[in-house]
Amino acid sequence: MDPFRRRSLPSLSSSSIAIAIAENLTSLIIRVGKNRSNNISQLKQIHAQILINGCINSSTTLLTNFLISHYRSHGGGPHFPLLFLQSLPKPAEPLLWNSIVRFSIDSDNWSDFSCFYNAMRLNHFAPNTTTICSILKKCVSIAALQFGESFHCHMIKLATLFDIVAQTALLDFYSKLGNITFARRLFDEMPERDIVVNNAMLSALGKNGFIGDAQNLFDNMMPQKNSCSWNVMISCYCKSGRIEYARSIFDRCHLRDVVSWNAMIDGYCKLGWLTNAQELFDRMGTSKNFVTWNTMIAGFVQARQFNRAIQMFREMQSERVKPTEVTMVSLLSACAHLGALDMGDWLYAYIKRKNLRVDVVLGNALIDMYCKLGSVETALDVFHGLRVRNIFCWNSMIAGLGMNGFGKQAVTLFGSMGSQGVKPDGVTFVGLLSGCGHSGLVSTGKNFFSQMDDVYGLKPAIEHYGCMVDLFGRAGLLDEALDLVKNMPVKPNAIVLGSLLRACQVHKNTEIGEQVTRRLLELNPSDGGNYVFLSNLYASLNRWEDVNVCRKSMAEKGVQKTPGCSSVELNNTVHEFVAGDFSHPQFLQINAFIDVMEKELKVNGYEADTGLVLHDIENEEKETAIKYHSERIAVAFGLMSSPAGKTIRVVKNLRTCNDCHSAMKIISRIYEREVIVRDRHRFHHFKNGSCSCNDYW
Ligand code: ZN
Ligand code: ZN
C-alpha cells in the first residue's frame, strides 16, 4: 500500500470538504443577510447544516460570527447562538465567546449577558478588548456606574492587560459618568498615550468644566493634534459659554472640517446668537451635512422663531438633505408651539413613510405635540404604539390628558403606570394634580396629594402646592386655597399666588383677591399682568383713586404688559397676529371681515363685557381694543381664508379674556365652525355655542 496515499488523501479530503461547505455556507449566509425579506427560518436551516456537517474549525469562527450578526439583523434572540455554542463538540474559540457576549450586551438582556459571560469564564476565556469596550460603552449608555466599577475591579483581579484602547474606554467611562478624578488618575498613570486618549481626556476635562486644564493639555499636545483635538476645544469653549475663545480657536484652526463648523454654529445657536450662526451657515456652501441643518433648525426652535425653523426645514428638503429623527423632534416642538396641526400631521406621516425610528425621544415629541394641539386620540395612539416607554412618555401623556380636560383618563393611566412597574416622579404628580384641577376632581386630587409623601416618598414641591391651590381655587373653595397658601412649608411664588388670584376673579371674591395681589406685587413688581389685575379689580369696585395709583406706579416702573399674540395655521403657513397689529399683508380684508363679524355677533346677542379693561379707555374704544384682541384677528382670518366646516385652531400666548371667550362661543354657532383656542392655561374647544371648559378656566 502506498504510504503516501494512505497518509495524505483522507486528511486532504476531510479538510477540503469542510472548507467547501464553509465557503458555500458563507456565501449562502451573505445572500440571506443581504435580502432582508428572507425570514429567520432560512438562517435556522443554515445553522442546522453547520451542526450536521460538523465543520467546526478556525474558518467556522468567521462563519459563526456571520451567523450571529445575521440573527441579530433578522431580529432573532441570543437563544439560537447559545444553542449553537452548547452543541459544539469541543470548547469554542475565544473569538466566538466574545462575539456571543457582545451579542447579549447589544440585545439589552442583562440576564443573558451574565449567563454568557460566566459560561465564557468557566471555559477559561477572558474578554478581549472589543468586548471590554462594548461592556464599558453599555455602562455609559445606561449610566451603570457601579456595575462598571465592579467590572473594572474584576478585570484587575483577572490580571487582564488593558491595552491602550481598553484604557481609553475606561477613561471615557469614568469621565462620562462623572468620576473625573479617577479618569485623570488613569490618564496620568498610562505608560503610553496616543492621540485618541489625549482627545478623550481633552473632552473629559472640557465636559467637567476644567477648561484651563484642557487648554494646557491642548497646548502641550503639539505637534500631535488632529482635527478632532481642535473640535473638542471649540466645543469645550462653546459649552462653557466662552464663545469668543471658541471662535478664536475656530479661526486659527488649520484642520477645519464640517464638525468644526457644526460645533461653532451650535455654540452660537445655544446662546441664541442666530445671526452669527446663520452667517457661518451661509459661508459653509455645499459642505453642510444633516447635522448642520439640524443644529440650525433646533437653534431657531430654541429661540422661539418657529416659522424660521420650518422655513429652514423646507430649504433642507429642497437641497435634498435627508431629515433625521433629530430634525423631526425639533420640528414637532415648533408645530406644538405654533398650533400647526396640519404640518404636524404631515410630519407624522413623513416619519411613518420614511420608517424613521420612533424611540422614546421622538415618541415623546409626538405625544407632546398632539396633546398640545388638542388631538388626544392621536397622542394616545402614539403612546400605546411605543415599544419602549420611559417616564417622560408617561408624564407627557398624563399631563396631556389632564390639560385637555380628560382628568379621569389621566387618573386611570396613572393607575396602569404602577402595574407596568414605572415609578412616578414629581413631574407625574404635577400633570396628575393639574388634570384633577381642570376636571374638578377635588377629592381625588386631595388623595393623590397626600399619597405623594405617604405612598411614593415624594416630598411635595412648590409646583404641587401650586396645583392644589389651583384645584381648590377652580372649585370655588377659596378659603381652603388661602389656607394652603398661608401654611405651605415653602414661600408661595408668583405662579401659586397668580392662580389663586384668577380664582378670586372668577368667583368675584375681591377681599381675598386684594390680599393676594398685594403679595404678588411685593414678589414681582415688574410683572405688568399683576398691575392690570389689581387695577381691574379696583375698577370693578369703582375705586378709581386706587386704579390711578396703580397705573402710575406701573408707568413709573416702566412696566409693560406682554402683548397678546395668537397664531393660526393656513395651508401649512402659520400666521401670527399681535393685538392691535395691522401689519398683515391682507389686513384690509381681515379688518372688513372683523367689522362684519362684529355686526353678526351683536345681532346674535353678544355684548362687549368691558369689566377687564383698564377704566380710562372710553367705552367705544374699549370695544375697538377688544375686537382687535389677537385671537379675534386670528379667528377672523381663519374663517375668511379656509373652507366651510374646517376646524380653526388658534394658539394664544396669554389667557383668553372673558369677552373673547363669549364671542368665540357665538362665532362657533353662527359660522358652524369648531374653534379650538389653546391659551396660556388650557384648551377651549368651542362648538355649537358652548365651550369644553364650561366657562371655567
Ligand atoms: Zn380678548
Ligand atoms: Zn372655554
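Cut-off values and rules
Residues numbered from 1 in each chain as written. Chains lettered and ligands numbered in written order. Predicted model: local features only at pLDDT ≥ 70, side-chain atom pairs only at ≥ 80, totals over all residues. Heavy atoms only, no water. Helix = DSSP H or I, 4+ residues; strand = E, 2+ residues; numbered from the N terminus. Buried < 20%, exposed > 50% of the residue type's maximum accessible area, 1.4 Å probe, protein only. Contact = heavy atoms within 4.5 Å. Areas by Shrake-Rupley, 256 points an atom, 1.4 Å probe, with all protein chains shown as cover. Salt bridge = Lys/Arg side-chain N within 4 Å of Asp/Glu carboxyl O. Donors = N, O, S within 2.8 Å, 3.2 Å for Na, K, Ca; no water. Expected span 1.5 Å × (residues − 1). Pairing = 2+ DSSP bridges. Phe/Tyr/Trp six-rings, centres within 6.5 Å; stacked < 30°, edge-to-face > 60°. Lys NZ or Arg CZ within 6 Å of the ring centre and 35° of its normal. Axes fitted to C-alpha atoms, helices over the stretch in contact; angles between N-to-C directions. Parallel < 35°, antiparallel > 145°, perpendicular 65-115°, else oblique. Nonpolar A, V, L, I, M, F, W, Y, C, P; charged D, E, K, R; others polar. Right-handed = clockwise from strand over helix to strand, strands pointing away. Left-handed = near helix turned anticlockwise from the far one by under 90°.

**Student:** Honestly, the overall build of the protein chain in this entry has me stumped. Any pointers?
**Tutor:** Looking only at helices and strands, the protein chain has 36 helices and 6 strands in total. For the protein chain, the proportion of its 697 residues judged to be buried stands at 47%. For the protein chain, the share of sequence-separated contacts (at least 6 apart) that also reach a separation of at least 24 residues comes to 63%. Surface exposure of the protein chain reaches about 34,100 Å², of which carbon and sulfur atoms provide 53%.

**Student:** I'm lost on the pattern of salt bridges in this one. Help?
**Tutor:** Side chains that differ in charge, positive against negative, can pair when their charged atoms come close. The full count for this structure, using the stated rule, is 15 salt bridges. Between Lys646 and Asp342 there is a salt bridge; the shortest N-O distance is 3.6 Å. You can see Lys646 sitting in the loop between α35 (630-641) and β3 (648-652) and its partner Asp342 sitting in helix α20 (residues 341-353), a full 304 residues away along the chain. A salt bridge links Arg632 to Asp659, with the shortest nitrogen-to-oxygen separation between them at 2.6 Å.

**Student:** Looking at this model, I keep getting lost on the coordination of the zinc ion (ligand 1). Mind explaining?
**Tutor:** A metal bound by six donors in octahedral fashion has ideal angles of 90 or 180 degrees, whereas one bound by four tetrahedral donors has an ideal angle of 109.5 degrees. Taken together, the protein ligands of the zinc ion (ligand 1) are His629 (ND1), Cys657 (SG) and Cys660 (SG), with distances of 2.0 to 2.3 Å. Along the chain, the residues that donate to the zinc ion (ligand 1) are spaced as H-x27-C-x2-C. For Cys660, a relative accessible area of 0% corresponds to the buried category.

**Student:** Help me understand helix α23 (residues 391-403) in this model?
**Tutor:** One full turn of an α-helix is made of 3.6 residues, so residues set three or four places apart face in the same direction. A rise of 1.5 Å per residue sets the reference length of α23, with its 13 residues, at 18 Å; its end C-alpha atoms lie 18 Å apart and thus fit the reference within 8%. Every buried residue of α23 is accounted for by Cys393, Trp394, Asn395, Ser396, Met397, Ile398, Gly400, Leu401 and Gly402. Downstream of α23 by a residue or two, Gly405 has a phi angle that is positive, lying close to 85°.

**Student:** Would you mind showing me how to read the sheet that holds β3 here?
**Tutor:** With mixed pairing, the 6 strands of this open sheet are ordered in space as β2-β1-β3-β4-β5-β6. The outermost strands of the open sheet, each flanked by one partner alone, are β2 (573-578) and β6 (690-691). Judged from the 3 bridges that link them, strand β1 (residues 565-570) and β3 form a sheet pairing that is antiparallel. Within the sheet, the bridge partner assigned to Val568 lies in β3 and is Val650.

**Student:** Mind showing me how you'd approach the packing of aromatic side chains here?
**Tutor:** The description of an aromatic ring pair rests on the distance of the ring centres and on the angle between the ring planes. The tally for this structure, following the rule as stated, stands at 22 aromatic pairs. Between Phe113 and Phe147 the ring centres are 6.2 Å apart and the planes differ by 65°, which places this aromatic pair in the edge-to-face class. Of this pair, Phe113 sits in helix α6 (residues 110-122) while Phe147 is found in helix α8 (residues 145-157), placing the two residues 34 residues apart along the sequence. A network of ring pairs unites the aromatic residues Phe113, Tyr117, Phe147 and Phe151 as a single cluster. Taking the ring centre of Phe210 as reference, the NZ or CZ of Arg184 above it sits at 4.7 Å. The ring of Phe383 has Arg389 lying over it, and the distance from NZ or CZ to the ring centre is 4.7 Å.

**Student:** Mind showing me how you'd approach the packing of helix α9 (residues 164-176) against helix α11 (residues 195-207) here?
**Tutor:** The angle between the axes and the distance between the axes are what describe a pair of packed helices. Orientation of α9 relative to α11, taken along the N-to-C sense of each, is 5°, at an axis distance of 10 Å. Overall, the two elements α9 and α11 adopt an arrangement that is roughly parallel. On α11, the residues that touch Thr168, Leu171, Ser175 and Lys176 of α9 are Val196, Val197, Ala200, Met201, Ala204 and Lys207. Looking at the contact of α9 with α11 residue by residue, the class counts come to 6 nonpolar, 2 polar and 2 charged.

**Student:** What should I look at first to understand the environment of Ala399 in this one?
**Tutor:** The topology assignment puts Ala399 in helix α23. When its relative accessible area of 28% is taken as the criterion, Ala399 is described as partly exposed. Sequence separation between Ala399 and Gly435 is 36 residues; the distance between their C-alpha atoms is 6.7 Å.

**Student:** What's the story with the pairing of β3 in this structure? I'm lost.
**Tutor:** Taken residue by residue, a regular strand's side chains alternate between the two faces of the sheet. Of all the 5 residues making up β3, 4 are buried; the element is thus mostly covered by neighbouring parts of the structure. Two strands pair when backbone bridges link them, and β3 and strand β4 (residues 675-678) are joined in this way by 4 bridges, in the parallel orientation. Counterpart to Val650 in the pairing with β4 is Val677. With respect to chirality, the unit in which β3 leads through helix α36 (residues 658-670) into the neighbouring parallel β4 is right-handed.

**Student:** How should I be thinking about the packing of helix α17 (residues 290-302) against helix α18 (residues 306-318) in this particular structure?
**Tutor:** Following both chains from N to C, one finds α17 and α18 inclined at 165°, their axes separated by 7 Å at the closest point. In terms of orientation, α17 lies roughly antiparallel with respect to α18. When you trace α17 past α18, the crossing you get is left-handed. Seen from α17, the contacting residues are Phe290, Trp293, Asn294, Met296, Ile297, Phe300 and Val301; seen from α18, they are Phe306, Arg308, Ala309, Met312, Phe313, Glu315 and Met316.

**Student:** Can you walk me through the pairing of β1 in this structure?
**Tutor:** In terms of burial, β1 is a largely internal element, 5 of the 6 residues being buried. Pairing geometry for β1 and β2, over 6 bridges, is antiparallel. The partner of Cys565 across the bridge, within β2, is Val578. In textbook terms, the turn of a hairpin is the stretch between consecutive antiparallel strands, and for β1 and β2 this stretch comprises 2 residues, one of which, Asn571, has a positive phi near 45°.

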